[in-house]
Amino acid sequence: SPEILWPESLTMRSQLSQFLLLVLIVALAIVSLERPGAASDFVPLSVSLTGMHEIAASELPGGIVEVQTLGTDPYLFTNPLPENTDLPANSILEFEYFSLTGTGEVQAFLIPPSREESSVRALGLSRSEGWSRYQIDLSPAVKSTDVNVKNLRMDFGREAGKTFQIRNIVLRRLNDTERATAAKIAETAAREAERDNELRGYLSQDMTSKIQNVAV
């Protein structure tokens, strides 16, 4: 005979189905997090409020850091990079900023080794009356160092009296557009290097005839 489902039984079955669905979602999330080789889209960073030079900085609500430059060599550091950060894969340093003064040239250093060869220079922060996005490609510096990078240093121009706020600092991967642009730049550089080598080879040849002098 057909099974009769009383209201209490239907409610219990609905609750059980919801519970099993929740367990399944949690299990899939755990598997995704623990999957070998799984890579996140970005690596979150934060500003260290210690060790800065010729800078006054304070933390505001919402993860915002307000910065004022105090001299001609202002720089600050990030807190240590998260463990097992894949810096070659996540070589784009990106953050949002707000500034009514702008800054001079920005220079980002890998720490260690904290040397010129392990840094990248980029245009300064422009004046902005709203939140703007800023990014630096660290890959040239990453390729020049073979040590385990602990954190980053960021220099903000050579002037005192510049003020800005920054938030949402991350390291991220190249997007498709940036990857295509990088490939074109590398291709152009390779062609120019090839032409330079051909020209040097041509100029280094011993010619069978040559101009000894010119008379007018």
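Look a little higher up for the structure.
A few points about a nonpolar patch on the surface
Then comes step 1: A grouping of Leu-199, Tyr-202 and Leu-203 is seen on the molecular surface, where their side chains present a nonpolar patch of about 340 Å² in accessible area.
Then comes step 2: Mapped onto the elements, Leu-199 comes out in helix α3 (residues 176-203).
Then comes step 3: By relative accessible area, which is 47% here, Leu-199 ends up partly exposed.

Concerning the nonpolar core
Then comes step 1: Core analysis: the biggest nonpolar cluster contains 31 residues, and Leu-93, Phe-95, Leu-138, Leu-152 and Leu-171 have the highest contact counts within it.
Then comes step 2: If you list the elements that add at least two residues to this core, you get β3 (64-69), β5 (92-99), β6 (106-111), β7 (119-122), β8 (128-137), α2 (139-143), β9 (151-156) and β10 (163-172).
Then comes step 3: Top contributing element to this core by residue count: β10, with 4 residues.
Then comes step 4: Look past the residues within four positions of Leu-152 in its chain and what remains in contact with it is Leu-45, Leu-76, Phe-77, Thr-78, Leu-81, Leu-93, Phe-109, Leu-110, Ile-111, Leu-138 and Leu-171.

Section: the pattern of salt bridges
Then comes step 1: By the definition in use, this model includes 11 salt bridges.
Then comes step 2: For the salt bridge of Arg-153 with Asp-155, the shortest nitrogen-to-oxygen distance reads 2.8 Å.
Then comes step 3: Take Asp-155: its relative accessible area is 4%, and that puts it in the buried class.
Then comes step 4: The closest approach of N and O atoms between Lys-162 and Glu-159, which form a salt bridge, is 4.0 Å.
Then comes step 5: Among the residues examined, Lys-162 registers a relative accessible area of 17% and is labelled buried.

Focus: the sheet that holds strand β4 (residues 75-77)
Within a beta sheet, neighbouring strands are joined by backbone hydrogen bonds and run either parallel or antiparallel to one another.
Then comes step 1: With respect to topology, 4 strands assemble into an open sheet ordered β4-β9-β6-β7, the strand pairing being antiparallel. Each edge of the sheet is formed by a strand with only one pairing partner; in this case those strands are β4 and β7. Here the average twist between neighbouring strands, direction ignored, is 20°.
Then comes step 2: Sheet analysis places β4 next to β9, joined by 3 bridges and oriented antiparallel. Its bridge partner lying in β9, Leu-76 is registered against Met-154.

Rules used throughout
Residues numbered from 1 in each chain as written. Predicted model: local features only at pLDDT ≥ 70, side-chain atom pairs only at ≥ 80, totals over all residues. Heavy atoms only, no water. Patch = residues over 30% accessible without salt bridge, like charges linked within 9 Å, V, L, I, M, F, W, Y side chains within 5 Å. Areas by Shrake-Rupley, 256 points an atom, 1.4 Å probe, with all protein chains shown as cover. Salt bridge = Lys/Arg side-chain N within 4 Å of Asp/Glu carboxyl O. Helix = DSSP H or I, 4+ residues; strand = E, 2+ residues; numbered from the N terminus. Buried < 20%, exposed > 50% of the residue type's maximum accessible area, 1.4 Å probe, protein only. Core = buried A, V, L, I, M, F, W, Y, C linked by side-chain atoms within 4.5 Å. Contact = heavy atoms within 4.5 Å. Pairing = 2+ DSSP bridges. Axes fitted to C-alpha atoms, helices over the stretch in contact; angles between N-to-C directions.

Nothing here speaks to function; it is geometry throughout.
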